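Structural overview for review
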Amino acid sequence: MSLKSFHIFFILVSSLFAFGFAAWFLQSYFGSGDFLKLAAATFSGVSGVGLIVYGIRFLKKLQHVRFL
Amino acid sequence: MQIPHTIEHHPETGLYNAKVGIWLFLASEVMLFGALFTSYILLRIGAPTWPHGWEELNIPLATVNTVVLIASSVTMVMSWASLMMKDFKKYKMYMGITVLCGLIFLVIKAFEYGAKFEHHHFPSTNNFFATYFTLTGLHGLHVIGGIIVNAYFWGPGSKMWKTEPQRFINRIEVAGLYWHFVDLVWIFLFPSLYLL
């Protein structure tokens, strides 16, 4: 597996965790009403989307590099 | 003595030897961290009470550290891509940022450890802090190792670019694979220790 493949895998896992963090912070916000947690949830969700967008752009940019 | 298959692919593996080597090393690392994660799970399941990570640990600092490490993975891969596009100046910039991100991670971690010690939380305090310090400490040692290797490739090791460019690109790829593994471990450590 090349660095390209591992990077895509890493970005995929990171975005999944980012959505997980968003869910955790959101649940925590509903329990406490702390707006800092709502901000953290928003930040995590946006980061997750940002990572996916970055991953797609990265794949397009390094089309010529092999996956192995 | 000539080291074989540093650039050209080995006929049996289809890869250059350093890549096979790093994946074998990373497989052993998966076993090491896997054993520690398993110990953590078993200790936690077996304990009558276990503190919540978010009550004991500093989540904002750990979140910043997570962002820093993800950013360092992006700059690491950009440094490799820059070399493939034969842009050495950009390589130096991205690799320099990667090293800097690693250092920022360690400084933040040092602040976190300092706060724990101030509150008299040590590995001997309870099983929670024992696993916290073991896992994050071992991960921190891996970050230090990565910083040393990356700093070498940023500085004196980059001379190889002039003599054997493809071999140097392969070295950066191998260093990048290691760095990604270290970052991936943190991505699993953060929710396991801090959020659950």
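The shown structure was predicted, so the numbers you read here are calculated from the model rather than taken from an experiment. (Residues numbered from 1 in each chain as written. Chains lettered and ligands numbered in written order. Predicted model: local features only at pLDDT ≥ 70, side-chain atom pairs only at ≥ 80, totals over all residues. Heavy atoms only, no water.)

1. Structural notes on the overall build of chain B
Across its full length, chain B carries seven helices and zero strands. Put simply, chain B runs from its N terminus to its C terminus through helices and strands in the order α-α-α-α-α-α-α. Overall, the C-alpha framework of chain B stretches about 60 × 35 × 25 Å when taken along its three principal axes. When burial is assessed residue by residue, chain B has 47% of its 196 residues classed as buried. (Helix = DSSP H or I, 4+ residues; strand = E, 2+ residues; numbered from the N terminus. Buried < 20%, exposed > 50% of the residue type's maximum accessible area, 1.4 Å probe, protein only.)

2. Some details on the overall build of chain A
Looking only at helices and strands, chain A has two helices and zero strands in total. Across its three principal axes, chain A shows a C-alpha extent of roughly 50 × 20 × 10 Å. Burial statistics for chain A: of 68 residues in total, 40% are counted as buried. The contacts of chain A with a sequence gap of at least 6 include a subset with a gap of at least 24, amounting to 68%. (Contact = heavy atoms within 4.5 Å.)

3. Comments concerning the interface of chain A and chain B
One widely used convention gives an interface's size as the accessible area the parts lose upon coming together. With 23 residues of chain A at the interface, the matching set in chain B holds 29 residues. Buried area between chain A and chain B, both sides added, is near 2400 Å², and the carbon and sulfur share of it is 85%. Counting across the chain A and chain B interface gives zero salt bridges. The tally of links from chain A across to chain B stands at four residue pairs in polar contact (both at pLDDT 80 or more). For the side of chain A that touches chain B, the secondary-structure elements that each account for two or more residues are α1 (3–32) and α2 (35–61) of chain A. In terms of residues, the side of chain A that touches chain B owes the most to one element, α1 of chain A, which gives twelve residues. In terms of residue class, the side of chain A that touches chain B is made up of 17 nonpolar, three polar and three charged. (Buried area = accessible area lost by both parts, 1.4 Å probe. Salt bridge = Lys/Arg side-chain N within 4 Å of Asp/Glu carboxyl O. Polar contact = N/O pair within 3.5 Å; in protein donor to acceptor, adjacent residues only side chain to side chain. Nonpolar A, V, L, I, M, F, W, Y, C, P; charged D, E, K, R; others polar.)

4. Let's talk about helix α5 (residues 127–154) of chain B
The terminal C-alpha atoms of α5 of chain B lie 40 Å apart, and with 28 residues this matches the ideal 40 Å at 1.5 Å per residue to within 8%. Capping of α5 of chain B at its N-terminal end is provided by Asn126 of chain B; its side-chain oxygen lies 3.1 Å from the backbone amide nitrogen of Phe128 of chain B. (Expected span 1.5 Å × (residues − 1).)

5. Brief notes about the confidence of the model for chain B
In the predicted model, chain B carries a mean pLDDT of 94, and 100% of its residues have values of at least 70. Under the prediction, the complex receives an ipTM of 0.90, its pTM being 0.93. (pLDDT = per-residue confidence, 0-100.)

6. Structural notes on unusual backbone geometry
Residue and element names in this part refer to chain B. Despite not being glycine, Lys86 shows a phi value in the positive range, around 60°. Residue position: Lys86 is located in the loop between α3 (59–84) and α4 (88–118). A positive phi angle, near 55°, is found at His120, a position not held by glycine. Within the fold, His120 resides in the loop between α4 and α5. Given the relative accessible area of 58%, His120 is considered exposed.

7. Observations regarding a nonpolar patch on the surface
Residues and elements named next belong to chain A. A cluster of nonpolar side chains, Phe19, Val49, Ile52, Val53 and Ile56, forms an exposed patch at the surface whose accessible area comes to about 400 Å². With four residues, the single largest contributor to the nonpolar patch is α2. With respect to the helices and strands, the residue Val53 is situated in helix α2. (Patch = residues over 30% accessible without salt bridge, like charges linked within 9 Å, V, L, I, M, F, W, Y side chains within 5 Å. Areas by Shrake-Rupley, 256 points an atom, 1.4 Å probe, with all protein chains shown as cover.)

8. With respect to the environment of Ile11 of chain A
All names here are of chain A. Residue position: Ile11 is located in helix α1. Take Ile11: its relative accessible area is 3%, and that puts it in the buried class. Sequence separation of Ile11 and Gly48 is 37 residues, and the distance between their C-alpha atoms is 9.1 Å. Apart from residues no more than four positions distant in its own chain, Ile11 is found in contact with Leu51, Tyr54 and Gly55.

9. Here we look at the packing of aromatic side chains
Scanning all chains against the criterion turns up 34 aromatic pairs over all chains. Judged by centre distance (6.3 Å) and plane angle (15°), the rings of Phe6 of chain A and Phe9 of chain A are stacked. Here Phe6 of chain A and its partner Phe9 of chain A are both found in helix α1, three residues apart, which amounts to about one turn of the helix. Overall, the relative accessible area of 40% leaves Phe9 of chain A in the partly exposed class. Above the ring of Trp154 of chain B, the side-chain terminus of Lys92 of chain B is found at 4.7 Å from the ring centroid. (Phe/Tyr/Trp six-rings, centres within 6.5 Å; stacked < 30°, edge-to-face > 60°. Lys NZ or Arg CZ within 6 Å of the ring centre and 35° of its normal.)

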